Structure formats: structure tokens, C-alpha cells
Amino acid sequence: MEPPVALITGVTGQDGSYLCELLLAKGYIVHGIVRRTSNLQRLRLDHLRNMPDVHGKTFFLHYGDLADGTTLRRIIQKVRPRELYHLAGQSHVGLSFEIPESTCEEVAIATLRLLEICRDQPEPIRFYNASTSEIFGTATEAPQNEMSAFRPSSPYGCAKAFATDMAKVYRAGYHLFVCNGILYNHESPRRSENFVTRKISRQVARIKLGQSDRLVLGNVQGRRDWGHAQDYVETMWLMLQQERPDDYVVATGKTHSVLDFVKAAFAVTGMDWEKYLEYDKSIERPTEPVELVGDASKIRNLLGWKPTRNFEDLVREMVEFDLKDLGG
Ligand code: G4F
């Protein structure tokens, strides 16, 4: 039997790289779309690109841009994936207030573009759309589930709400196999430093190693439902293996504040957080979602998924990784 073929947009990101490893381990041929930049580094994928029996054999990269429909169409026609995991796009909520137009282009319109291309293909493609808890923004109920109303509170949340709704429309209208994974915050040592958890773990490690003497953050009272990215990418694959396409909330059901994360991270190193934490008003966002916490009972009960790591495990793993990484 021919191995299944998957195509991933956003393959160089945290989720894309974990998903790529998962699919390769399951025997897939994996194709990833990467943007052309002057920087050829793809740190999260280097280990795979350096494996001669993987790179160019079961794992391939293609240049493409979410704004370039002709190229996306050509790649999809050439690769003919059974499964398409659409993870790419500007994903920083705070930044979306500064670059709302390009965020909406990348997040909303590009998803529609891909759905349109999939609609035209002779063979059906199973499509995973990376939705997010940000669609619930100023939710009036907690926890949120698949039936909760969309009330986004940022340009990014609005764009994701559009993409999520469009995915539902294509599922109902054209019978495409499209799933929305409504993922709550998911972190790991592969998270980039412009997100708060990695900023904290890396800075705490620098302080411990004598390379820095403060941690500057914006609002530390906001609460998030934080899980581990490696646990969460498994749900992407699970969703596409079902008989019918559907939407699923993926969350731990527990929240912690940013300050809780700070305290836990300093605790890993045995340092007193109060000596180092500083506040910078300019990092605050024009609006923040209310407490976002997910009810993942649908995916737990129907697909049998559950997270394998808790908050403390996550913080420890990130800080210990950064201590090692920065300490040489
Ligand atoms: O780490 P954050 O930037 O994550 P945020 O905004 O919750 O979004 C992440 O999770 C969403 C849900 O899965 C995704 F849709 C989205 O793409 C992204 O992955 O910020 C978390 C909290 C916020 O309240 C922010 O205001 O941390 C606060 N914060 C305080 N100081 C900071 C900082 N955030 C960042 N990035 N940097 C700071 O210095």
C-alpha cells in the first residue's frame, strides 16, 4: 500500500515541526510549504533535514507563500495530499493590533484561498484548519466548548473567526472534509520568544546564568489555559482520521496567570521572582480576552485524547531546556 501523503503549511513553526515528526513516525510522506526568506535557517527542522534517509525521501520542502494562490495550487496538484494541515499565518495576538490588514490577509483570506483550491481537486483532501481559543475573546461563559459563541477581541481573533466559519461553510456547502481544531494556548521549548511563556523561560535561564538581570513583561494578571504543543498536534492528526469531519476544542480545562508562570519558572531555578520582574506598560495590548478556558470533553470522550503533561511539567521542561541551551 502507498504511504499516506500529508502537506503542512507552517511546517517550520512549533506545531508544524512536532506534527511533521509525528506524521513521519506514522509512515507518512510529508511535504511542507516554506516561505522564501534570505535566511535559510530552519532550526526546528534541521534534525530532519540532516537525516539522509528522511530528507528528500519521505520529507520534502516546497517554496510557497500564502498570498500566492498560483503556487499553492501548483504544489497541491503536484503533491496530491490526502491530508492538508493548514497551520501557517501571523499568530501573534498583540502584533495583530499593529498589522491588522496583513494579519487578516494571512489568517482569513489565505484559509479561504486554500479551501477554494481544495474544492477544485479531483481527489478529496482532508483539511485541518488551525483555529484558536481567540475566537471566543470576550466569552460570556466559561469554560467554552464547540457551541460557544464567537466573540473575538483582537484583529487576529476576528480573522480566525472568519476562517473557522468559512471552514464550516465549505464543510456544509461543498461536503469537504474540513475540521477546525480550536486549540487553546500550547507551548514548548520550540515556542518562539515573542510569546510570553518562552520569553519567561528564556529570560529566567539568562538571569540564572548571569547573562541578564531582569524580566520585563506587560500584563501578568491575564489567565490562560496552557497545554503542551506536542500533546496538541496529536489531536490534529486524530481529527482527520475520523469518519466524519467535525470541530473540537483542545484544552486542559485549567488556567494559570502569567504571574503563576513567572513564579513557577523562577522556582525551577530556586530564585526569588520579586527581585527581577519589571512591568512595561508599552507591552500591554489595547484589549485582552476574558478568562479563556476550554472544555475538551468532546475530544476526550469521542476521540479518546487527553493531555500527558501538566502545567508544572511544561514550565520545568521549558526552563530546563533553556538553561541547557544558553549554558552551552
Ligand atoms: O503568549 P501570548 O502572546 O499568547 P496569546 O496572546 O494568548 O496567544 C497565543 O495563544 C492563542 C491561543 O492558542 C493563539 F491563538 C495565538 O496564536 C498565540 O499562540 O500572551 C499571553 C498573555 C497575554 O495576556 C499578554 O498580554 O501574556 C501577556 N503578556 C504579558 N507580557 C505578554 C507579555 N505577552 C507577550 N507575548 N509578551 C510579553 O512580554
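Residues numbered from 1 in each chain as written. Predicted model: local features only at pLDDT ≥ 70, side-chain atom pairs only at ≥ 80, totals over all residues. Heavy atoms only, no water.

**Q** I keep staring at the overall build of the chain and nothing clicks. Help me out?
**A** The number of helices and strands found in the chain is eleven helices and 13 strands. Relative to the compact-globule value of 20 Å for 328 residues, the chain shows a C-alpha radius of gyration of 20 Å, a close match. Its C-alpha atoms give the chain principal-axis dimensions of roughly 60 × 50 × 40 Å. Residue burial in the chain is summarised as follows: out of 328 residues, 51% are buried. Surface accessibility of the chain: about 15,200 Å² in total, with carbon and sulfur atoms responsible for 49%. (Helix = DSSP H or I, 4+ residues; strand = E, 2+ residues; numbered from the N terminus. Rg over C-alpha atoms; globule rule 2.2 N^0.38 Å. Buried < 20%, exposed > 50% of the residue type's maximum accessible area, 1.4 Å probe, protein only. Areas by Shrake-Rupley, 256 points an atom, 1.4 Å probe, with all protein chains shown as cover.)

**Q** Is there a simple way to think about the pattern of salt bridges in this case?
**A** All chains considered together, the criterion is met by 20 salt bridges. A salt bridge links D325 to R202; its shortest N-O distance comes to 3.0 Å. Here D325, found in helix α11 (residues 311–327), pairs with R202, found in helix α7 (residues 196–208); they are 123 residues apart in sequence, far enough to count as distant. With relative accessibility at 42%, the residue D325 sits in the partly exposed group. (Salt bridge = Lys/Arg side-chain N within 4 Å of Asp/Glu carboxyl O.)

**Q** Looking at this structure, I do not really get the packing of aromatic side chains. What am I missing?
**A** Both the distance between ring centres and the angle between the ring planes are used here to describe each pair of aromatic rings. All chains considered together, the criterion is met by eight aromatic pairs. Centre to centre, the rings of F261 and F311 are 5.7 Å apart; their planes meet at 85°, and the pair counts as edge-to-face. Separated by 50 residues along the polypeptide, F261 in helix α9 (residues 258–269) and F311 in helix α11 bring together distant segments of the chain. In this structure, F261 and F311 share a single accessibility class: buried. An aromatic cluster is present here, built from W226, F261 and F311 joined pairwise through their rings. We note R191 situated over the ring of F195; from NZ or CZ to the ring centre the distance is 3.8 Å. (Phe/Tyr/Trp six-rings, centres within 6.5 Å; stacked < 30°, edge-to-face > 60°. Lys NZ or Arg CZ within 6 Å of the ring centre and 35° of its normal.)

**Q** What's the story with the site of the ligand in this structure? I'm lost.
**A** As a matter of local geometry, the ligand sits amid 23 residues, with S91, T132, R224, R285 and E288 nearest to it. Between R191 and the ligand, the recorded distance is 2.8 Å, taken from a side-chain N or O atom to an oxygen atom. Measuring from an oxygen atom of the ligand, one finds a side-chain N or O atom of R224 at 2.6 Å. Contact with the protein chains covers 96% of the free accessible surface of the ligand, which is 720 Å². A per-class count over the shell around the ligand returns nine nonpolar, eight polar and six charged. (Near = heavy atom within 4 Å. Polar contact = N/O pair within 3.5 Å; in protein donor to acceptor, adjacent residues only side chain to side chain. Nonpolar A, V, L, I, M, F, W, Y, C, P; charged D, E, K, R; others polar.)

**Q** Teacher, can you tell me more about the environment of D15 here?
**A** Within the element layout of this structure, D15 appears in helix α1 (residues 14–25). Each C-alpha atom, one on D15 and one on K78, is 24 Å from the other, the two residues being 63 residues apart in sequence. In contact with D15, not counting residues within four places along its chain, are L87, H186, A229, V233 and M236. (Contact = heavy atoms within 4.5 Å.)

**Q** Mind showing me how you'd approach the packing of α7 against α11 here?
**A** Contact geometry of α7 with α11 gives a least axis separation of 8 Å together with a crossing angle of 50°. Classified by the interaxial angle, the pair formed by α7 and α11 is oblique. The element α7 and its partner α11 pack so that their crossing is right-handed. Of the residues in α11, those touching α7 at T197, R198, S201, R202, V204, A205, R206 and K208 are M318, V319, F321, D322, L323, D325 and L326. Its residues placed into classes, the contact of α7 with α11 shows seven nonpolar, two polar and six charged. (Axes fitted to C-alpha atoms, helices over the stretch in contact; angles between N-to-C directions. Parallel < 35°, antiparallel > 145°, perpendicular 65-115°, else oblique. Left-handed = near helix turned anticlockwise from the far one by under 90°.)

Such coordinate-based values are descriptive only and should not be taken to indicate function.
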